[in-house]
Amino acid sequence: MALNNRETRDGRTNDHHQNSSLRRGFIGKCLGFLGSLSFLTVLYPLIRYLEPPPEARGVSKVELDLADLPSGAARLVTYRGRPALVVNGENGIVAFNGVCSHLGCAVKWVMRDQEFACPCHGGRFDLQGRVIGGPPPEPLVPIAVSIHGDKVVLGA
Ligand code: FES
């Protein structure tokens, strides 16, 4: 019997080969789709991680009432998407990024000692943000501060 008929040497029909070919094509497309989906599920969080948060792009100035910052006290605010500490210290008002330079814990203001302290590993910083104790390798990052009337403005 001729091979160009509907039956091949092993007894299967051309329809069977066509169905197999279609099935392989379908499975290949499904695998390609799943592969693309897997790639996107890895790529999307990576892009979101690398992209700055919306607050970091939008808010570049923060205002506080001067009356809310008595001498020696501190206020915690969010500045460019990160915690920031504003302190009315003995030499005026200062502000720092509130993230510890060691492993990134949130630094707190200790009014009694007039210094910043990191609760994670005992890091300590003075009113100029310099390291005075513990493992932090770098000082706190300062934020520009100005006074406009009865307002304290960060990011001026
Ligand atoms: S994270 Fe601040 S001292 Fe370790």
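Everything numeric in this text was worked out from a predicted model, so none of it was measured. (Residues numbered from 1 in each chain as written. Predicted model: local features only at pLDDT ≥ 70, side-chain atom pairs only at ≥ 80, totals over all residues.)

Another aspect to go through is the overall build of the chain. A tally of regular secondary structure across the chain gives two helices and ten strands. Moving toward the C terminus, one meets the helices and strands of the chain in the order α-α-β-β-β-β-β-β-β-β-β-β. Across the chain, contacts joining residues at least 24 apart in sequence account for 38% of those joining residues at least 6 apart. (Helix = DSSP H or I, 4+ residues; strand = E, 2+ residues; numbered from the N terminus. Contact = placed C-beta atoms within 7 Å.)

With that settled, the discussion passes to helix α1 (residues 14-50). In this model α1 runs 53 Å from its N-terminal to its C-terminal C-alpha over 37 residues, within 8% of the 54 Å that 1.5 Å per residue would give. With respect to burial, α1 is a largely exposed element, only zero of its 37 residues being buried. (Expected span 1.5 Å × (residues − 1). Buried ≥ 20, exposed ≤ 12 C-beta atoms within 10 Å, placed from the backbone.)

Right, let's get into the pairing of strand β2 (residues 74-79). Relative to strand β3 (residues 82-89), β2 runs antiparallel, the two sharing six bridges. The partner of Leu-76 across the bridge, within β3, is Leu-85. What sits between β2 and β3 in their antiparallel hairpin is a turn of two residues, with Arg-80 showing a positive phi close to 55 degrees. (Pairing = 2+ DSSP bridges.)

Below, the discussion takes up the environment of Arg-82. Residue placement: Arg-82 occurs in strand β3. Residue Arg-82 is classed as partly exposed on the basis of its C-beta count, with 16 C-beta atoms lying within 10 Å.

This next bit is on unusual backbone geometry. Not every positive phi belongs to a glycine, and Arg-80 is a case in point at roughly 55 degrees. Its location among the elements puts Arg-80 in the loop between β2 and β3.

This paragraph deals with the sheet that holds β2. Read from one edge to the other, the open sheet built from three strands follows the order β2-β3-β4, with strand pairing classed as antiparallel. The open sheet has two free edges, formed respectively by β2 and β4 (92-97), since each of these has just one partner strand. The mean inter-strand angle of the sheet, taken between neighbouring strand axes irrespective of direction, is 25 degrees. Note: β3 against β4, six bridges, orientation antiparallel. (Axes fitted to C-alpha atoms, helices over the stretch in contact; angles between N-to-C directions.)

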